[in-house]
Amino acid sequence: NGDSNEWDLTTLTSLLLNTDRPKTLNTAQIQQLDNEDKMLIDLRDIRNTLAHHASKTIDNNEFHQLWSKLVAILVVFGGSDEELNELKSDSMFEPSKQPINESNVSEVLRLNSLGAQAHKEQKFSDAITLFTKAVNIKDVSNHQRAIVYSNMSASRLALHEKQVSASNMLADDDPTDQRYRALHDAKQARMLSSTSWQGHFRVGKAYAALNDHEKAINSFQRALALDPNSIKIQEALNDSQQVLCRQSRHEHLDPRGQPVTMQEHLNEMQQKYGVDPQQIRMGHDSLGKIDPSAADVVMGHKHEHGDIDIKQNYEQAARYFAKAANQGNAEGMYNLARLTDRGLGVNKDSKLATTLLEKAAAQSTDHPKFKGLTNVGVAESEHSLGLRYAEGVFVQKNLTTAAQWYQRAVDHGSAEAPNNLAILYQNGTGVEKNLEKAKQLFELSARRGDPKAMLNLAWDLLEINDLEMAKIWFDRACEAGNLYAQAKRNDFESALRQKQQIIENRPPTTLQATEEATAFSDLITAIRLENSLSNDSSVYDLNVLNEHAKRGSQTAEKMYNALQHFHNALHLITKSESLTIQQENIFIHEYAQCCRIEHTVAEIPN
């Protein structure tokens, strides 16, 4: 909106660093601007150190080191030592010296109280009207206005939920959408009182409502740093992290997660395996006499998804799963954990869900009553625990522990676990990098029926020029209902045609060209192996970034992955006098991957 007071440091420094200089400057003036540019970069680096700090807190020593650097820079730009010392002595937390009109303050408090009461009574439009009147009153403290803006943001989000519930429609492209107005109000609250957690929390809630969970997580983390003991903030942070992880796994596109009734499920089994639905139902009826806890699990599924004579009801489903879990049934524990994780039919409780998964995973994989049958729920729980530790949601992120849980689930027949373990081997996170092992796991997962693994295997085979099998597995992923694969069909077929052209056009008499065309992945692997031994081409230390990534830093992991691709590209143009067509394709692929992930690390040496 053109208000430079709302610009952050990144915006300001970018503008100053990229503004064109007059062409009439003398040497001294150019040197002065060069020095100022260097200080601006140092200032931005200090900001980034704080903004991307893993723990969001610093100790006294680190504070004083950074403060000394800041003061030295700000004084050069015209800052006053006295003013800076006042800031350091926490004067910013003292009451503002702005003019205060007590009668106006009383009116704001009255309107805010009425607005809060209207919100409580779910009269959200009335609440917004009252809060709007309050924020327009002059001569009150910024902190008081921030509280009103924060409350107004909450009312706007509540109004949006009410409108969506009534119309059953989402208007993401509507500029009058209450969520965007809620975000604006929340940012106003944050700007007026940046050291208060409420503004940051409200910004996070608005971003979460807009389905921008990456930004929501950042705001919740800032709020939590200001109020580390807040359960409300921690729960909101966990929710956004959980959703973001599901989105990154394309879980919402997985056909297995789509809601189907019990009858639809039985019909699908009949189509795939030729099993008579009536026989299965007869088995359900007699199951109560043989294994009561298993019968409770079946009833739980029927109530969770609905059946011919049963209306869908999460609360009833949770009761049946809990009844089975209390009898020691692993499948009951796993399904109750699923509902508890999402707050479906029961109170949301991540700790209880984790405990249920651990109890189920501790059981034998052999069915306790039916010899030769698998104890359903054990491998599923092991895989879920692997996801928890891989993503750092509800537990401390630990990729090594995640790999161990995935491996247990793989050994016990899980279809999904091999795919996720393969990704760890592919990236060398939590385990030693092993591309051949990754390929084997992708294939195992695909053969067990995982649509995501089918897609991953297809791309893996395409890279090593096994074009026929790559096409087969891609088609199988699409046929299995993988919506992401279906959406990427044009991209895959384009890459497939390009590969075919490379192979068809290779010179038949040149051994080198033949090897390059048929060993695409070997060349990339060789480049990666050589690059893993050196960091000379980058100002970033790959080993340090990898260590921080293993400890859970998302920023470090992102930069590490980008740098790996950048080093692969850089190797080609620095080690080769000229490039073949195949090498050019590899260079473009690797450099583009780097730029997609994090373009700032792509610093090509002079």
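About the cut-offs
Residues numbered from 1 in each chain as written. Predicted model: local features only at pLDDT ≥ 70, side-chain atom pairs only at ≥ 80, totals over all residues. Heavy atoms only, no water. Helix = DSSP H or I, 4+ residues; strand = E, 2+ residues; numbered from the N terminus. Buried < 20%, exposed > 50% of the residue type's maximum accessible area, 1.4 Å probe, protein only. Contact = heavy atoms within 4.5 Å. Areas by Shrake-Rupley, 256 points an atom, 1.4 Å probe, with all protein chains shown as cover. Lys, Arg positive; Asp, Glu negative; His and termini not counted. Charge placed at Lys NZ, Arg CZ, Asp CG, Glu CD. Domains from an automatic or database assignment. pLDDT = per-residue confidence, 0-100. Disulfide = S-S within 2.5 Å. Core = buried A, V, L, I, M, F, W, Y, C linked by side-chain atoms within 4.5 Å. Axes fitted to C-alpha atoms, helices over the stretch in contact; angles between N-to-C directions. Parallel < 35°, antiparallel > 145°, perpendicular 65-115°, else oblique. Left-handed = near helix turned anticlockwise from the far one by under 90°. Nonpolar A, V, L, I, M, F, W, Y, C, P; charged D, E, K, R; others polar.

S.K.: Tell me about the overall build of the protein chain, and name the residues and values.
M.R.: Counting secondary structure elements, the protein chain contains 30 helices and zero strands. On the principal axes, the C-alpha backbone points of the protein chain span a range of 80 × 75 × 45 Å. Taken over 606 residues, the protein chain has a buried fraction of 39%. Excluding contacts between residues fewer than 6 apart, the proportion of contacts in the protein chain whose partners are at least 24 apart in sequence is 55%. Carbon and sulfur atoms make up 50% of the accessible area of the protein chain, which amounts to about 34300 Å² in all. Across the protein chain, the centroid of the 65 positively charged side chains sits 5 Å from that of the 81 negatively charged ones.

S.K.: Could you give me a rundown of the domain arrangement of the protein chain, with the residues and numbers involved?
M.R.: As far as domains go, the protein chain holds domain 1 (34-49 + 62-88), domain 2 (102-244) and domain 3 (539-605). Each of domain 1 and domain 2 has a C-alpha centre, and these two points are 33 Å apart.

S.K.: Could you give an account of the confidence of the model for the protein chain, naming the residues involved and the relevant values?
M.R.: Taken as a whole, the protein chain shows an average pLDDT of 86; of its residues, 91% reach a score of 70 or greater. Low pLDDT, under 50, characterises residues 509-514; the stretch is placed with four contacts to residues that sit more than four places away or in other chains. Considering only residues more than four positions removed or in separate chains, one finds that residues 516-521, a stretch of pLDDT under 50, has 18 contacts.

S.K.: Please set out the state of the cysteines residue by residue, giving values where relevant.
M.R.: Inspection of every chain in the model, using the stated rule, returns zero disulfides. Not part of a disulfide, Cys595 finds its nearest cysteine sulfur in Cys594, a span of 5.1 Å.

S.K.: Residues and numbers for the nonpolar core, please.
M.R.: Of all hydrophobic cores here, the largest spans 57 residues; its most connected members are Tyr406, Leu421, Leu424, Leu462, Trp473, Phe474 and Phe492. With sequence-adjacent residues up to four places away left out, Leu421 is seen in contact with Ala403, Tyr406, Gln407, Val410 and Leu441. Counting residues in each nonpolar core, the second largest holds 21 residues, with Ala146, Val148, Tyr149 and Ala189 among its members.

S.K.: Outline the packing of helix H1 (residues 9-18) against helix H2 (residues 27-51), listing residues and values.
M.R.: For the pair H1 and H2, interaxial distance at closest approach is 10 Å and the crossing angle is 160 degrees. Viewed along their axes, H1 and H2 adopt a mutual orientation that is roughly antiparallel. Considering only the axes of H1 and H2, their crossing is left-handed. On H2, the residues that touch Leu9, Thr10, Thr13, Ser14, Leu16 and Leu17 of H1 are Asp37, Leu40, Ile41, Leu43, Arg44 and Arg47. For the contact of H1 with H2, the class distribution of residues is six nonpolar, three polar and three charged.

S.K.: Got a sec to walk through the packing of helix H5 (residues 102-120) against helix H6 (residues 124-135)? Specific residues and values, please.
M.R.: Where H5 contacts H6, the two axes come as close as 8 Å, and the packing angle between them is 165 degrees. Comparing their axes, H6 and H5 come out roughly antiparallel. H5 and H6 meet at a crossing whose hand is left-handed. Touching Val108, Leu111, Asn112, Leu114, Gly115, Ala116, Ala118 and His119 of H5 are Phe124, Asp126, Ala127, Leu130, Phe131, Lys133 and Ala134, all from H6. For the contact of H5 with H6, the residue count by class is 10 nonpolar, three polar and two charged.

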